[in-house]
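Results of the structural survey
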Amino acid sequence: MTSYPQSPVMGQMMSQPLLVSSIIEFAARHYGHVEIVSRRIEGDLHRYTYRDCHQRARRMAHALKGLGVQMGDRVATLAWNGYRHMEVYYAVSGSGAVLHTVNPRLHPEQIAYIANHAEDQYLFFDLTFLPLIEAVAAHCKTVKAFVLMADRDRMPQETGIANLLCYEDLIASNSDDYEWPVFDENSAASLCYTSGTTGNPKGALYSHRSTVLHSYGSAMPNALNVSAADTVLPVVPMFHVNAWGLPYSVLLSGAKMVFPGAALDGKSLYELFETEGVTFSAGVPTVWLGLINHVLQNNLAFSTFKRTVIGGSACPPAMMDTLIDKLGVQVIHAWGMTEMSPLGTAGGLQAKHLALPKDEQRKILQKQGHAIYGVDMKIVNDDGVELPWDGSTYGHLLVKGPWIISSYFKNEGGDVLQDGWFPTGDVATIDADGYMQITDRSKDVIKSGGEWIGTIDLENIAMAHPAVLQAACIGIAHPKWDERPLLLVIKRPGMDVTREELLAFFEGKIAKFWMPDDVAFIEALPMGATGKIQKNKLREQFKEHKLPAA
Ligand code: ADP
């Protein structure tokens, strides 16, 4: 860790380490009556308050101590968004251990790999994942016991899991007479592995300090704008990048929390939005696809839902238009990554944009957004030379800041920084007002005759066609141009469009050489564990595809 020179005159303010436990302590003391509502795996709705959550988190912290969990030990969770998961978040990090959230959508072999790599001591899991735990338990070498996050009457009679504990037994048999320990704010608080589309997953190890700073930064008005007047439903999972920090930022803002559990289909989400008065939500585009379709197909409307953050992959402009114009929901397009805690940029208008025509404003909102304080960014060429912020020159996007990794857990991958900047692997433009727009991931960008073709633009145009439900664009090897774009399309049920009609739809919207060489209609797109289209799988699947001669 870098150390810095000290001034002979130091500030005379209280020195208080920024610790995750301070967030739940604050919420319980100052917003103790505010509710946390959770749809449980059992199907019913559970509700209690921040005060109750704090009490149970302290009981669980006590239990962890009794189980021999030491500072720095890793404790894993494999769980949906729910109140017990939140209790574990605070119990583990608050007591000085490291919360390791595991993505259940990973392949079982990958789950065992990361549990062993992290050297997890205990693993907490939801009932849904009992079969998964039964399959991987024997391979998780360091796990002393598995904790089923359920009531006693839900415990399986027979199971192959050698050491199985009941969550509610641990809560019931421990007192809440527990003081959160105070320690160095740079201590590790939580661990999240990247999905590792190539090679093994690598861990981003967040500190207490980075988590608290990210919580402040992400709650600000120019970012997610969470306040005590909100009711927040995080669709983004707590098992991936800490649900974009919402389990922290919502609590320090005093907003009501609504957890959807495992029911992420459009109908279940809509019901919860309406019955609990949700005002704000956050999720990846594929989730909104299901919710929007449900609302439109059934002629429904949102009565309280006002704002949503969309990120994780590009929000198609057609989706943004539907949410804003048809459903009255403001869209904050945001960008970030596991290595960045995750928030880097968020969309929104500046004072100078307020008088612009709607179409001009929409173009700004469709970009991935403006840096939030705490994140600096720049674009560079292949030689590392910084490129201008003109909105059209694109380059490799590099970032730095106090909630961005300096190295991966256990130093996997060695030195990752370039002159103190973290290379994101994304290709982007930045305009004169500081708005960043992702052109592509550098490994997905199509290299045609020495020029780059950004696949996100092509996909966005395709998805603006009324007959297109989803689209993905990949590069196909080409003898003359190196690579040429192939557009893969899932049609909307009951609608039709031909290859020629779709290509004609691109006319006048893009440079001529960006025109896809071919269109293939498919039934499904391979989705990764974090809700992103797996383009490496598509490239493999279509590598023999013959493009028509030009
Ligand atoms: P993974 O574990 O799959 O890497 P991350 O959530 O860390 O998952 O993914 C980060 C990447 O997701 C970014 O580098 C970027 O390529 C992509 N991404 C995130 N948000 C957006 C967005 N709003 N638009 C386009 N791409 C995005």
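Residues numbered from 1 in each chain as written. Predicted model: local features only at pLDDT ≥ 70, side-chain atom pairs only at ≥ 80, totals over all residues. Heavy atoms only, no water.

A closer look at the overall build of the chain
What counts is decided by this rule: Only runs of H or I of at least four residues qualify as helices and only runs of E of at least two qualify as strands under DSSP, and these elements are numbered from the N terminus. When we talk radius of gyration, it's over C-alpha atoms, and the globule rule is simply 2.2 Å times the number of residues to the 0.38. Two residues form a contact once any of their heavy atoms are found within 4.5 Å.
Scanning the chain for helices and strands turns up 16 helices and 25 strands. A compact globule built from 550 residues should have a C-alpha radius of gyration of about 24 Å, and the chain, at 24 Å, falls within 12% of that. Along the three orthogonal principal directions, the C-alpha set of the chain runs to about 75 × 65 × 45 Å. Nonlocal contacts in the chain, meaning residues at least 24 apart in sequence, comprise 66% of its contacts between residues at least 6 apart.

Examining the environment of Cys473
Assignment of secondary structure puts Cys473 in strand β23 (residues 468–478). Spatially, the C-alpha atom of Cys473 lies 39 Å from that of Ser227, the residues being 246 residues apart in sequence. Not counting the four nearest positions on each side in its chain, Cys473 is found in contact with Ile446, Thr455, Leu458, Glu459, Pro485, Leu486, Leu487 and Lys535.

Let's talk about the sheet that holds strand β4 (residues 98–101)
Condition: DSSP bridges decide pairing: two strands pair if at least two such bridges lie between them. An axis is simply a line fitted to the C-alpha atoms; with a helix, the fit covers only the stretch in contact. Between two such axes, the angle follows the N-to-C directions and lies from 0 to 180 degrees.
Taken in spatial order, the seven strands line up as β7-β6-β5-β3-β4-β8-β9 in an open sheet, and their pairing is mixed. Every other strand in the sheet has two partners, leaving β7 (164–166) and β9 (203–207) as the edge strands with one partner each. Across the sheet, the axes of successive neighbouring strands diverge by a mean angle of 25 degrees, strand direction being ignored. Taken together, the four bridges between strand β3 (residues 74–78) and β4 define a ladder with parallel strand orientation. Along β4, the bridge assignment pairs Val75 with Leu99. Strands in contact with helix α7 (residues 208–219) are β8 (188–193) and β9; relative to β9, the strand with the most contacts, it is inclined by about 80 degrees.

A few points about the site of the ligand
We count it as follows: It suffices for a single heavy atom of a residue to lie within 4 Å of a molecule or strand for the residue to be listed as near it. Counting of polar contacts relies on pairs of N or O atoms within 3.5 Å, with two restrictions inside protein: one atom must be capable of donating a hydrogen and the other of accepting it, and residues adjacent in sequence are counted only when both atoms are side-chain atoms. Where accessible areas are quoted, they stem from the Shrake-Rupley method and a 1.4 Å probe; at the residue level, only the protein chains shown are allowed to cover. Basically, the charged four are Asp, Glu, Lys and Arg, the nonpolar ten are Ala, Val, Leu, Ile, Met, Phe, Trp, Tyr, Cys and Pro, and anything else, Gly included, counts as polar.
Surrounding the ligand, one finds 18 residues, the nearest of these being Ser195, Ala334, Thr338, Asp426 and Lys532. Within the side chain of Thr530, an N or O atom sits 3.3 Å from an oxygen atom of the ligand. Contact with the protein chains covers 93% of the free accessible surface of the ligand, which is 570 Å². Ranked by residues supplied to the shell around the ligand, first place goes to strand β14 (residues 330–336) with four residues. By residue class, the composition of the shell around the ligand is four nonpolar, eleven polar and three charged.

Some remarks on the pattern of salt bridges
Just so we agree on the cut-off: Put simply, a salt bridge is a Lys or Arg side-chain nitrogen that is within 4 Å of an Asp or Glu carboxyl oxygen.
Summed over the entire model, instances satisfying the criterion amount to 29 salt bridges. In this structure, Glu87 engages Arg56 in a salt bridge whose closest nitrogen and oxygen atoms are separated by 2.8 Å. Here Glu87, found in helix α3 (residues 83–94), pairs with Arg56, found in helix α2 (residues 50–66); they are 31 residues apart in sequence, far enough to count as distant. One salt-bridge network, in which partners are shared between bridges, spans Arg56, Arg84, Glu87, Asp151 and Glu168.

Concerning the side chain of Asp431
For clarity, the cut-off: Residue exposure (1.4 Å probe, protein chains only): buried if accessible area is under 20% of the type maximum, exposed if over 50%, otherwise partly exposed.
Take Asp431: it is sitting in the loop between β19 (422–430) and β20 (435–441). Relative accessible area serves as the criterion here: at 13%, Asp431 is assigned to the buried category. Looking at Asp431, its side chain comes within polar contact range of the side chain of Lys367, at 3.1 Å. Those residues in contact with Asp431 that sit more than four places away from it in its chain are Lys367, Trp389, Asp390 and Gly391.

Details of helix α15 (residues 499–506)
To keep things clear, this is the line we draw: Working note: the arc is built from the helix axis to C-beta atom directions.
Turning to α15, its buried residues are Leu502, Leu503, Phe505 and Phe506. One face of α15 carries all of its buried residues, which in axial projection span an arc of 150 degrees. Contacts from the buried residues of α15 go to α14 (455–463), β23, β24 (482–491) and β25 (518–521). Gly508, located one to two residues past α15, shows a positive phi value of around 80 degrees.

Brief notes about the packing of α2 against α3
Let me state the cut-off plainly: If an angle is under 35 degrees, it is roughly parallel; if it is over 145, roughly antiparallel; if it lies from 65 to 115, roughly perpendicular; otherwise it is oblique. In this scheme the handedness of a crossing depends on how the near helix is turned from the far one: anticlockwise by less than a right angle means left-handed, clockwise means right-handed.
In the contact formed by α2 and α3, the axes pass within 8 Å of each other and the chain directions differ by 55 degrees. On the basis of their axis angle, the class for α2 and α3 is oblique. Between α2 and α3 lies a crossing whose hand is right-handed. Contacts from Cys53, Arg56, Ala57, Met60, Ala61 and Leu64 in α2 reach Tyr83, Arg84, Met86, Glu87, Tyr90, Ala91 and Val92 in α3. Its residues assigned to classes, the contact of α2 with α3 comprises ten nonpolar, no polar and three charged.

Some points on unusual backbone geometry
Note the cis peptide between Ser341 and Pro342, where omega equals 10 degrees. Among the structural elements, Pro342 can be located in the loop between β14 and β15 (343–346). Phi at Asn242 takes a positive value of approximately 50 degrees, unusual for a residue other than glycine. As for its position among the elements, Ser341 is in the loop between β14 and β15. Take Ser341: its relative accessible area is 7%, and that puts it in the buried class.

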